[in-house]
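Fold and contact review
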Amino acid sequence: MVTMVADVTNQFVRLDALAHQDRRLLRFTGADVGRFLQGVLSADVKQLRAGHAQAAAILTVKGKIISDAIVLCDVEGAIALAVPAEIADEVLALIDRHIIMDDVQVRLVPLQRFALAWPEGPEATAEVQRFVTRHPAPGVLLVGERLALAEALKGVPEAEPNAYALHRIAAAAPAWGHEITADTFPPEVGFVAAVSYDKGCYMGQEPLARIHARGQVNRVLVQVGAATLPAGPLPLAAPERAEAGRWTSWASSPDGAVGLAIVHRSVAKPGTVLTAEGVGPVEVCSGPMGDDPGVPGKKTATVQLGKR
């Protein structure tokens with residue numbers, strides 16, 4: 001069994017230095033911001049706390065992911081979104097199209113950058129905001145212009161990408177562009193922490209409510225381990241299932257390679273051995289992570305996607 005170990009030394013990464021992790025800030029103003037975002041985002045905006053961040057998703061009407069988002073609530077109660085830089089313009093245009101009669105204004109703040117410090121981070125400054133977060137990994141999200149971020153992080157060691165990957169994998173935190181991709185359901189990629197099942201209607205809510213009430217998705221997020229580090233995403237196979245899943249994130253550890261994978265629920269059991277070309281045996285080290293728990297006390301049956 002490969003042990004998932006993350007370094008607990010204070011350190012940070014700049015998100016723009018990591019593949020797919022760069023973010024852009026969308027700032028909202030207006031009297032209807034809270035109500036408007038409550039109908040657009042999968043997370044419950046009413047539960048936001050000052051100085052904290054909340055994972056969320058923007059969904060299609062069929063409940064599939066368009067983009068992830070980090071909802072930021074500052075000390076004055078103002079709300080902003082950190083969205084993937086590679087699709088920030090498209091997300092801004094989508095949100096703008098949904099503003100019809102609402103007193104809501106949204107604008108892109110192009111010079112703001114993001115760093116994640118863990119397990120603790122520096123205090124906020126006049127130029128840098130600080131948010132406790134679980135997404136994209138547990139820690140403190142720091143938001144500010146480049147020079148201000150560099151000043152705030154003086155004395156904090158900058159982590160190597162592998163150290164950040166180990167931290168994220170140990171926390172089973174899915175990432176945009178790795179596990180979280182467009183046209184997937186949040187429960188398929190371990191992203192249920194971004195979903196509220198009881199806040200009421202929002203875009204894409206009905207299909208997720210059906211999954212929650214009637215069953216579970218076929219694909220789930222698990223932790224995996226192997227002796228060899230993959231060079232990139234790899235298909236995974238099982239003896240009884242040629243397309244068992246995909247290894248999506250990886251890092252080098254003292255025991256070998258560890259990672260996150262999206263696999264078929266039937267193989268999401270600790271100790272299950274899968275295979276990947278060029279890597280050899282890949283051990284499943286966990287059950288489903290970040291999975292939809294379903295309705296308590298109700299027997300669930302795996303949902304056949306596209307056959308509802």
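See the structure shown above.
Let me begin by describing the structure that accompanies this report. Just so it is clear, the structure is predicted and the values come from calculations on it, not from any experiment.

1. Some details on the nonpolar core
Core analysis: the largest hydrophobic core is formed by 50 residues, its most contacted members being Phe 28, Leu 37, Leu 41, Leu 81 and Ile 95. The element best represented in this core is strand S3 (residues 52–59), accounting for five residues. With sequence-adjacent residues up to four places away left out, Phe 28 is seen in contact with Val 33, Phe 36, Leu 37, Ile 79, Ala 80, Leu 81, Ile 95, Val 104, Gln 105 and Val 106.

2. Section: helix H1 (residues 33–40)
Among all positions of H1, only Val 33, Phe 36, Leu 37, Gln 38 and Val 40 are buried. Looking at the buried residues of H1, the elements they touch are strand S2 (23–29), S3, strand S5 (79–84) and helix H2 (88–98).

3. A few points about the environment of Arg 24
Turning to its location among the elements, Arg 24 is positioned in strand S2. With 150 residues separating them in the primary sequence, Arg 24 and Pro 174 have C-alpha atoms 19 Å apart. For Arg 24, the contacting residues outside a window of four places in its chain are Leu 81, Ala 82, Val 83, Ala 85, Ala 88, Leu 108, Pro 110, Arg 113 and Phe 114. A distance of 3.1 Å separates polar atoms of two side chains, one belonging to Arg 24 and the other to Asp 22.

4. Let's talk about the pattern of salt bridges
One pass over the structure, following the stated rule, counts 13 salt bridges. A salt bridge links Arg 14 to Glu 158; its shortest N-O distance comes to 3.1 Å. In this pair, Arg 14 is assigned in strand S1 (residues 11–14) and Glu 158 in the loop between helix H3 (146–152) and helix H4 (161–170), connecting sequence segments 144 residues apart. Note that Glu 188 and Arg 219 form a salt bridge whose closest N and O atoms lie 2.5 Å from each other. Highlighted residues: Glu 188 in the loop between H4 and helix H5 (205–214) and Arg 219 in strand S11 (residues 219–226), separated in sequence by 31 residues.

5. Description of the packing of aromatic side chains
Summed over all chains, the structure comprises one aromatic pair. Both rings, one in Trp 118 and one in Tyr 164, keep their centres 5.8 Å apart while their planes meet at 55°; by these two values the pair is tilted. Within this pair, whereas Trp 118 is found in strand S7 (residues 113–118), its partner Tyr 164 is found in helix H4, the two being separated by 46 residues in sequence. The exposure classification of Trp 118 matches that of Tyr 164, with both residues buried.

6. Some words on the side chain of His 212
Here His 212 lies in helix H5. Separated by 2.7 Å, the side chains of His 212 and Asp 292 make a polar contact. Other than its neighbours up to four places away in sequence, His 212 contacts Tyr 197, Asp 292, Gly 294 and Val 295.

How each quantity is defined
Note that residues are indexed from 1 along each chain, following the sequence as it is written. Totals for whole chains, interfaces and linings use every residue, but because this is a predicted model, local features are given only for residues with pLDDT of at least 70 and side-chain atom pairs only at 80 or more, for both listing and counting. For side-chain calculations, the full set of non-hydrogen atoms in the structure is used, while hydrogens and water are omitted. Put simply, buried Ala, Val, Leu, Ile, Met, Phe, Trp, Tyr and Cys residues joined by side-chain atoms within 4.5 Å make one nonpolar core. Only protein chains enter the accessibility calculation, which uses a 1.4 Å probe. A residue is then buried if its area is under 20% of the maximum for its type, exposed if over 50%, and partly exposed in between. Strands here are runs of E lasting at least two residues and helices are runs of H or I lasting at least four, both read from the DSSP assignment and numbered beginning at the N terminus. Contacts between residues were defined by any pair of non-hydrogen atoms, one from each residue, lying within 4.5 Å. Each polar contact in these results corresponds to two N or O atoms within 3.5 Å; when the atoms are within protein, one needs to be able to donate a hydrogen and the other to accept it, and residues that are neighboring in sequence are counted only if both atoms are side-chain atoms. One speaks of a salt bridge when a side-chain nitrogen belonging to Lys or Arg is within 4 Å of a carboxyl oxygen belonging to Asp or Glu. Classification of ring pairs uses Phe, Tyr and Trp, with its six-membered ring standing for Trp, and accepts pairs whose centres are within 6.5 Å; under 30 degrees between planes counts as stacked, over 60 as edge-to-face, and the remaining range as tilted.

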